[in-house]
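Fold and geometry: a report
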Amino acid sequence: MPSLIDNINLAKLPLHVAIIMDGNGRWAKARGLDRSAGHVEGVNTVRKITEIASELGIGYLTLYAFSTENWNRPQEEVDALMHLIVIAIERETPDLIKNNVRLTMIGDFSRMPEEAYRRLCRCKEETARGTGLTLCLALSYSSRWEITDACRRIAIDTANGLLQADNISDETISNYLTTAGIPDPDLLIRTGGDKRVSNFLLWQIAYAEIFVTDTFWPDFDKDAFCRAIIEYQSRERRFGLTSEQLK
Ligand code: FPP
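Since the model is a prediction, treat every value here as computed from it, not as a measurement.

If you check the shell around the ligand, you find 19 residues, and the closest are Asp22, Gly25, Arg26, Arg35 and Arg73. Residue Gly23 places a main-chain N or O atom 3.3 Å away from an oxygen atom belonging to the ligand. Arg73 places a side-chain nitrogen or oxygen 2.8 Å from an oxygen atom of the ligand. For the ligand, whose unbound accessible area comes to 620 Å², protein coverage reaches 92%. A molecule is said to occupy a pocket when more than half its atoms come within 2 Å of that pocket's grid points, and by this definition the ligand occupies the largest pocket. Of all the elements in the fold, those that place two or more residues in the shell around the ligand are helix 1 (24-30), helix 2 (35-56) and helix 3 (75-98). Taken together, the residues of the shell around the ligand break down into nine nonpolar, six polar and four charged.

According to the stated counting rule, one finds 23 salt bridges in the structure shown. With its nearest N and O atoms 3.7 Å apart, the salt bridge here joins Lys222 to Glu55. Taken together, the residues span a long stretch of sequence, with Lys222 in helix 7 (residues 222-234) and Glu55 in helix 2 at a distance of 167 residues. One salt bridge in this structure joins Arg119 and Glu90, with 2.8 Å as the shortest N-O distance. With Arg119 in helix 4 (residues 114-126) and Glu90 in helix 3, the pair connects residues that are 29 residues apart, well separated along the chain. For Arg119, a relative accessible area of 22% gives the class partly exposed. Judged by relative accessible area, Glu90 falls into the partly exposed class, the value being 23%.

Cut-off values and rules
Per chain, the residues get numbers from 1 upward, laid out in the order the sequence is written. Since the coordinates come from a predicted model, pLDDT governs what is reported: local features require at least 70, and pairs of side-chain atoms require 80 or more to be given and counted, while whole-chain, interface and lining totals use all residues. Calculation of side-chain values draws on the structure's entire complement of heavy atoms; hydrogens and water are dropped beforehand. We call a residue near a molecule or strand when any one of its heavy atoms sits within 4 Å of it. Polar contacts, as counted here, are pairs of nitrogen or oxygen atoms within 3.5 Å of one another; within protein the pair requires one atom able to donate a hydrogen and one able to accept it, and residues that are adjacent in sequence qualify only if both atoms are side-chain atoms. Computed by Shrake-Rupley with a 1.4 Å probe, the accessible areas treat only the displayed protein chains as cover when residues are assessed. With a 1 Å grid spanning the protein atoms alone, the term cavity applies to any set of points in which a 1.4 Å probe fits but cannot get out, the term pocket to an open set with protein on both sides within 12 Å along at least five of seven lines, and the term lining residue to any residue with an atom within 4 Å of a point. The rule for placing a molecule in a cavity or pocket is simple: more than half of its atoms must lie within 2 Å of the grid points. Working definition: helices are DSSP H or I runs of at least four residues, strands are E runs of at least two. Numbering for both runs from the N terminus. Each residue is assigned to one of three groups, with Ala, Val, Leu, Ile, Met, Phe, Trp, Tyr, Cys and Pro labelled nonpolar, Asp, Glu, Lys and Arg labelled charged, and all others, Gly among them, labelled polar. We count a salt bridge whenever a side-chain nitrogen from Lys or Arg sits within 4 Å of a carboxyl oxygen from Asp or Glu. Three exposure classes are used, based on accessible area relative to the maximum for each residue type with a 1.4 Å probe and protein chains only: buried under 20%, partly exposed in between, and exposed over 50%.

No statement about biological role is implied by the geometric values presented.
Shown next, in the form of structure tokens:
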């Protein structure tokens, strides 16, 4: 057990933590290794962070595993990443089940290799009864794609009389996103030092606290995760109100 865990207030945990896992390539380069070695090490971090999130009792952990923009990387890297993700999830499925973790995915799966998607769906079904942590993988995901797709479906449903234009609320929009039914993230963590949101959950992070660390994803460990939670717990979330109103 990491020592920092004792400094976490379990009564004030974020319900949903979302993570932009960045820095695999730079981690590998700094060691004179191929980028894929960074992704392999990154999978070990996914395991560790899933473990600690589950141990703490966090409800939802969403990981940005592959963006729609990532399809434009060299084909070799795309193939290696897809293979790695599928193999890792299949390998971890028995442990996910044992630990009561439920796997889910968000993204534009029409662009995913059929076989990879089929295998991930099988893992999703096998963990469907988990009542602990929900591990949500953002795969072939981009927020603008998701919002555009939601608008298209809202327009179709409005034209077909299933929705009334006057009644469209922000809740309606949330319900048309791939994250429907998942609470908005309370905390967004980005590793690798860049201070941007890279087309990730743009609608959903409206009030998320943002934590950026220079640590590359392969070096991000359980203590580093605890540090992000502790920092989150020290912030005052005002949701547009004043401090006085909150008191
Ligand atoms: C960013 O690092 C990371 C990715 C594009 C992929 C992250 C994927 C994994 C860690 C594997 C996920 C596995 C599972 C099981 C979910 P980068 O390559 O952009 O690093 P750089 O910014 O240093 O180049």
